[in-house]
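Secondary and tertiary structure notes
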Amino acid sequence: MTDPVLSVRDLRVEFVTRRGVLTAIDGVSFDIARGEVLGVVGESGAGKSVTGAAVIGLIDPPGRIAGGEIRLGGERIDALPPERMRRVRGKRIGMIFQDPLTSLNPLYRVGRQIEETIRTHTDLSARAARQRAIDLLAEVGIPAPERRIDGFPHEFSGGMRQRVVIALALAAEPELIIADEPTTALDVSVQAQIIALLKRLGRDHGTAVMLITHDMGVIAEAADRVAVMYAGRIAEIGPVRAVVGEPLHPYAQGLMGAIPTLAHDADRLAQIPGAMPRLSAIPPGCAFNPRCPKVFARCRVDRPEPLAVGSHRVACHLYDASGKAAA
Ligand SMILES: Nc1ncnc2c1ncn2[C@@H]1O[C@H](COP(=O)(O)OP(=O)(O)OP(=O)(O)O)[C@@H](O)[C@H]1O
Ligand code: SF4
Ligand SMILES: [Mg+2]
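The structure presented is a predicted model; accordingly, all values stated were derived computationally and were not measured. (Residues numbered from 1 in each chain as written. Chains lettered and ligands numbered in written order. Predicted model: local features only at pLDDT ≥ 70, side-chain atom pairs only at ≥ 80, totals over all residues. Heavy atoms only, no water.)

Topic: the sheet that holds strand β4 (residues 63-72)
How we decide: A pair of strands is treated as paired once DSSP finds two or more bridges between them. Note on conventions: DSSP H or I runs of at least 4 residues are helices, E runs of at least 2 residues are strands, and numbering of each starts at the N terminus. A contact between two residues is defined here by any heavy atoms of the two lying within 4.5 Å. For helices, the fitted axis covers only the stretch in contact; all axes are lines through C-alpha atoms, and the angles between them, taken along N-to-C directions, range from 0 to 180 degrees.
The strand order across the open sheet built from four strands is β2-β1-β4-β5, with neighbouring strands paired in antiparallel fashion. In the strand order of this sheet, the two ends are held by β2 (20-32) and β5 (75-76), each with one partner. In terms of strand pairing, strand β1 (residues 6-17) meets β2 through ten bridges, oriented antiparallel. Each residue of the ladder has a partner; that of S7, found in β2, is D31. The sheet strands contacting helix α1 (residues 48-55) are β1, β2 and β4, and the helix crosses β1 at an angle near 110 degrees.

A closer look at the site of ligand 1
Put simply, the test is: Definition of nearness: a residue and a molecule or strand are near each other if at least one heavy atom of the residue lies within 4 Å of the molecule or strand. Any pair of N or O atoms that falls within 3.5 Å is considered a polar contact. Within protein, one atom must be able to donate a hydrogen and the other to accept it, and sequence-neighbouring residues count only if both atoms are side-chain atoms. Each accessible area value is a Shrake-Rupley result obtained with a 1.4 Å probe; residue values ignore everything except the protein chains displayed when judging cover.
All residues in the neighbourhood of ligand 1 are listed as F15, A24, E43, S44, G45, A46, G47, K48, S49, V50, E181 and L279. A distance of 2.8 Å is found between an oxygen atom of ligand 1 and a side-chain nitrogen or oxygen belonging to K48. One of the backbone nitrogen or oxygen atoms of V50 is found 2.8 Å away from an oxygen atom of ligand 1. When ligand 1 sits alone it has 640 Å² of accessible area, and the protein chains cover 62% of it.

Considerations on the nonpolar core
Nonpolar side chains in soluble globular proteins tend to end up buried together. Applicable threshold: In this text, buried Ala, Val, Leu, Ile, Met, Phe, Trp, Tyr and Cys residues form a nonpolar core when linked through side-chain atoms within 4.5 Å. Any residue under 20% of the maximum accessible area for its type is buried, any over 50% is exposed, and the rest in between are partly exposed; the area is computed with a 1.4 Å probe on protein chains only.
Counting 97 residues, the largest nonpolar core has F30, I114, I166, L176, L211 and V228 as the members making the most contacts within it. If one sorts the elements of this core by residue count, helix α6 (residues 158-170) sits on top with seven residues. Apart from residues no more than four positions distant in its own chain, V228 is found in contact with V41, R233, I234, A235, E236, V243, Y251, A252, L255 and M256.

Thoughts on the site of ligand 2
Condition: Nonpolar residues are Ala, Val, Leu, Ile, Met, Phe, Trp, Tyr, Cys and Pro. Charged residues are Asp, Glu, Lys and Arg, and all others, Gly as well, are polar.
Close contacts around ligand 2 come from H249, P250, C286, F288, N289, C292, K294, C299, P304, C316, H317 and L318, and that covers them all. In terms of residue class, the shell around ligand 2 is built from eight nonpolar, three polar and one charged.

Focus: helix α7 (residues 188-205)
In plain terms, the rule: By definition here, a helix of n residues has an expected span of 1.5 Å times n minus one. This arc corresponds to the set of directions leading from the helix axis out to the C-beta atoms.
A rise of 1.5 Å per residue sets the reference length of α7, with its 18 residues, at 26 Å; its end C-alpha atoms lie 26 Å apart and thus fit the reference within 8%. For α7, every residue scored as buried is listed here: V190, Q191, I194, I195, L197, L198, L201 and G202. The buried residues of α7 occupy an angular sector of 160 degrees when the element is viewed end-on, so they sit on one face. Pointing more than 90 degrees away from the buried face of α7 are the exposed residues V188, S189 and D204. Against the buried residues of α7 lie β6 (93-97), α4 (126-139), α6, β7 (176-180), β8 (208-212) and α8 (216-222).

Some thoughts on the packing of helix α3 (residues 110-121) against α6
What counts is decided by this rule: Between 65 and 115 degrees an angle is taken as roughly perpendicular, under 35 as roughly parallel, over 145 as roughly antiparallel, and anywhere else as oblique. Helix crossings fall into two classes, left-handed where the near helix is turned counterclockwise from the far one by less than a right angle and right-handed where it is turned clockwise.
Where α3 contacts α6, the two axes come as close as 9 Å, and the packing angle between them is 15 degrees. Between α3 and α6, the angle is such that the two are roughly parallel. Two packed elements cross with a definite hand, and for α3 against α6 that hand is right-handed. Contact residues: α3 offers V110, Q113, I114 and T117, while α6 offers V164, A167 and L168. Counted by class, the contact of α3 with α6 contains five nonpolar, two polar and no charged residues.

A word on the environment of Y108
Its place among the elements puts Y108 in the loop between β6 and α3. Accessibility expressed as a relative area gives 25% for Y108, which makes it partly exposed. In this structure, the C-alpha to C-alpha distance between Y108 and P153, residues 45 residues apart in sequence, is 7.7 Å. Leaving out residues up to four positions away in the same chain, Y108 has contacts with Q113, E116, F152 and P153. Among the polar contacts listed, one links the side chain of Y108 to the side chain of R112, at a separation of 3.3 Å.

Just distances and angles here, no functional claims.
Okay, here's the thing in structure tokens:
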């Protein structure tokens, strides 16, 4: 296997608050390969966005990366000076957020923004950059791109605007795309199209994609592998088929029971009783222990570390040989 595009090892992110130092991300490790989509899923507050922000160097003080390593194409990027990191973000990492207007300047025609990105990162002429922008718009499924390239963001529907953002994210031919809830603001029918597009383009361009979402349906559809986060840690990570089909961690099992399907829209999201703990009140031992249907004594004392179980990695004492016999 070739080296991963993105490699995160033992990442720790802290926020310094009046009440003390809060650890938002603690010991998170994962890789993403060329052309692979890693889905990152978990309830609100699990640490999905903070993990993505750490990778792109956008943790603002009083937050800080307090430990671990982030490598892009083998090169450490977690401690680069801000100016160099800004260039990595523009060129080597593309970003897609929930609101397309985070990425698109409402005052510029969409083509201008894409062309500027292309010209900043390649030596294409103005003319060639415009043609490349048209090609990108066509590739993301914008009809009549040679005309729409001169439109302003507000002249596009939400779904079309997110397609423009994807074209913009691809313009510099990045190695990695981080998409944080890219379809949450869109109609359900449009969501599926955008997710399918992201998956196809990642594969076609050999781009690694980190797809952050709270929607297990999106993960099942688009991801090659999935990381299930809980309280700032990865509870379980593995091939999407294995984790969705046979989740091992009790929290992942609860989430998979909550995959909304179109047929059962009414009873979507069978809730796991209880709520994710606040950062200031993460319980000792396993953070999930107050909600876990399989909790036992050790869970309240020892923190489970991720262990390989078949193709999964799971942080749960049920699968630890020295714990209770695996269920
Ligand atoms: N600037 C900040 N200062 C203090 N705490 C923060 C800050 N940003 C995030 N956090 C905390 O870090 C934790 C992880 O937040 P994060 O935004 O990564 O969650 P998430 O998994 O993306 O949730 P959601 O699904 O709601 O987007 C939360 O407890 C959040 O309150
Ligand atoms: S370690 Fe214990 S509390 Fe945590 S998920 Fe496993 S069984 Fe449940
Ligand atoms: Mg988030």
